[in-house]
Amino acid sequence: MFDPKDLYELADDAPELADPVLLYHFDGFVDAGSAGRLALGHLLAELEHRVVATFDVDRLLDYRSRRPIMTFDTDRWVECESPELAVHVAKDATGTQFLVMSGPEPDREWELFAKAVAALVERLKVSRLVTLHGIPMAVPHTRPLGITMHASRPELLNNAQSSVFGRVQVPGSAAALLELRLGAQGHDALGYAVHVPHYLSQAEYPTAAVSGLEAVTRGTGLVFPMDALREAARRTTTEIEEQIRASSELSTAITGLEQQYDAFAAGSERENLMAETTPMPTGDELAAQFERFLAERDDE
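Residues numbered from 1 in each chain as written. Predicted model: local features only at pLDDT ≥ 70, side-chain atom pairs only at ≥ 80, totals over all residues. Heavy atoms only, no water.

## Observations concerning the packing of aromatic side chains
No. 1: Tallied over the full model, the rule gives six aromatic pairs.
No. 2: Taken together, a centroid distance of 6.1 Å and an interplanar angle of 65° make the contact between Y8 and F55 edge-to-face. Of the two residues, Y8 sits in strand β1 (residues 8-10) while F55 sits in strand β3 (residues 49-55), which places them 47 residues apart along the sequence. F55 matches Y8 in its accessibility class, with the two residues each being buried. (Phe/Tyr/Trp six-rings, centres within 6.5 Å; stacked < 30°, edge-to-face > 60°. Helix = DSSP H or I, 4+ residues; strand = E, 2+ residues; numbered from the N terminus. Buried < 20%, exposed > 50% of the residue type's maximum accessible area, 1.4 Å probe, protein only.)

As structure tokens, then:
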């Protein structure tokens, strides 16, 4: 039997915490608009933090499926960008301590990884685990972004609006497995899936990260510095609108999405938002209209 504690190393100066929230997101699974990556990356960029635990990525990752970048200089190798999966401790805007777990999604040993995280949750006295990511939906960027909430027990949802999804089967993720396994052990776990316009799912869409962090604040009471992220969202929206004004085809497509969204919101349409009651452009067709926009973002 493998000991799950062998999967991570706890810092010698790991603090004693008072029921912290653990926010987590792993790169590699569906994350439309990079909502989860941008949100947690923003927190680590804006807040002072330090590492309290690191996971053994040599055991958890498949390097041949996502090779680390190495630098060759003239006649020798000089650097390797080693991936890191770690837990950080930070303080929110009010001084409340919380934890952030981020890095690449493990490729292997998911069950042992879940047990390792459970051991860390016990050691660090975590009160609640919270994850967020983006999912592509047939919705326009001109309307408020929806959020699908899920939790290890119904009481954590705080009477949230019913999900637009029924009972479905989808490819699994390490993040979802943590909620399932730790929830079964009695730990509170909560997740937010931000509805990102499908034509923006491959771009960085800061508005989705803003919506996700605002939902986390409502669910946990944590307060985050948001000015820089909101400014990035404003700039991105301005650039998107410029692209729409330059294309009558795209303007027509967005108008169609708006009409479908408004009909659903008004209650005159009972079908799932994902169902197409009228011929609608596919995500690829809309995304093609944004090629110049995305190229400009990459150049920046």
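Still more to cover.
## Quick notes on helix α3 (residues 110-123)
In an α-helix, one turn spans 3.6 residues; hence positions three or four apart end up facing the same way.
No. 1: Its 14 residues place the ends of α3 20 Å apart at the C-alpha level, agreeing with the 20 Å of an ideal helix rising 1.5 Å per residue.
No. 2: Among all positions of α3, only L112, F113, A114, A116, V117, A118, A119, L120 and V121 are buried.
No. 3: Immediately downstream of α3, the backbone of K125 shows phi near 60°, a positive value. (Expected span 1.5 Å × (residues − 1).)

## A word on the sheet that holds β1
No. 1: The eight strands are arranged β1-β3-β6-β7-β2-β8-β10-β9 in an open sheet whose pairing can be described as mixed. The open sheet is flanked by β1 and β9 (147-151), the only strands paired with a single partner. If you compare each strand with its neighbour and ignore which way they point, the axes differ by 25° on average.
No. 2: Two strands pair when backbone bridges link them, and strand β2 (residues 21-27) and strand β8 (residues 128-137) are joined in this way by four bridges, in the parallel orientation. Bridged to Y24 within β8 is T131. (Pairing = 2+ DSSP bridges. Axes fitted to C-alpha atoms, helices over the stretch in contact; angles between N-to-C directions.)

## Regarding a nonpolar patch on the surface
No. 1: Together, M70, F72 and W77 give the surface a local cluster of nonpolar side chains, amounting to about 370 Å² of exposed area.
No. 2: As for its position among the elements, M70 is in strand β4 (residues 70-73). (Patch = residues over 30% accessible without salt bridge, like charges linked within 9 Å, V, L, I, M, F, W, Y side chains within 5 Å. Areas by Shrake-Rupley, 256 points an atom, 1.4 Å probe, with all protein chains shown as cover. Salt bridge = Lys/Arg side-chain N within 4 Å of Asp/Glu carboxyl O.)

## Focus: the confidence of the model for the chain
No. 1: Summarising the model, the chain shows a mean pLDDT of 89, and 88% of its residues fall at 70 or more.
No. 2: For the stretch residues 268-280, pLDDT sits under 50, and the model shows 24 contacts to residues farther than four places along the chain or on other chains. (pLDDT = per-residue confidence, 0-100. Contact = heavy atoms within 4.5 Å.)

## Describing the pattern of salt bridges
No. 1: One pass over the structure, following the stated rule, counts 14 salt bridges.
No. 2: Residues R235 and E231 are paired through a salt bridge, measuring 3.8 Å at the closest nitrogen-oxygen approach. With R235 and E231 both in helix α6 (residues 227-245), this residue pair falls four residues apart, about one helical turn.
No. 3: Given a relative accessible area of 40%, R235 falls into the partly exposed group.
No. 4: Taking the relative accessible area as the measure of exposure, E231 reaches 31% and is therefore partly exposed.
No. 5: One salt-bridge network, held together by shared partners, links E16, R123 and K125.

## Some details on the pairing of strand β6 (residues 86-91)
No. 1: Extensive coverage of β6 is indicated by the burial of five of its six residues.
No. 2: Bridge analysis of β3 against β6 gives five bridges, and the strand direction is antiparallel. The partner of H49 across the bridge, within β6, is A90.
No. 3: Counted between consecutive antiparallel strands, the loop separating β6 from strand β7 (residues 97-104) contains five residues, among which G95 sits at a positive phi close to 90°.

## A short note on the packing of helix α1 (residues 35-46) against helix α5 (residues 206-220)
No. 1: Axis separation between α1 and α5 bottoms out at 8 Å; the angle between their running directions is 70°. As summarised for this structure, α1 and α5 are arranged roughly perpendicular, according to the angle between their axes. Where α1 crosses over α5, the handedness of that crossing is right-handed. Residues A35, L38, A39, H42 and L43 of α1 form the contact with α5, whose participating residues are P206, A208, A209 and L213.
No. 2: Classifying every residue of the contact of α1 with α5 by side-chain character gives eight nonpolar, one polar and no charged. (Parallel < 35°, antiparallel > 145°, perpendicular 65-115°, else oblique. Left-handed = near helix turned anticlockwise from the far one by under 90°. Nonpolar A, V, L, I, M, F, W, Y, C, P; charged D, E, K, R; others polar.)

## So, the environment of P106
No. 1: With respect to the helices and strands, P106 occurs in the loop between β7 and α3.
No. 2: What makes P106 buried here is its relative accessible area of 1%.
No. 3: In the structure, P106 is positioned 44 residues away from D62 in sequence and 8.2 Å away in space, judged by C-alpha atoms.
No. 4: Once you skip the residues sitting within four places of it in the chain, P106 turns out to touch L60, L61, R66, L85, F113 and A174.

## Overview of the packing of α5 against α6
No. 1: In the contact formed by α5 and α6, the axes pass within 8 Å of each other and the chain directions differ by 145°. In this structure, α5 crosses over α6, and the sense of that crossing is left-handed. Contact with α5, carried on its side by P206, T207, A209, V210, L213 and E214, involves L229, R230, A232, A233, T236 and T237 of α6 and no other residues of that element.
No. 2: Grouping the constituent residues of the contact of α5 with α6 by class yields seven nonpolar, three polar and two charged.

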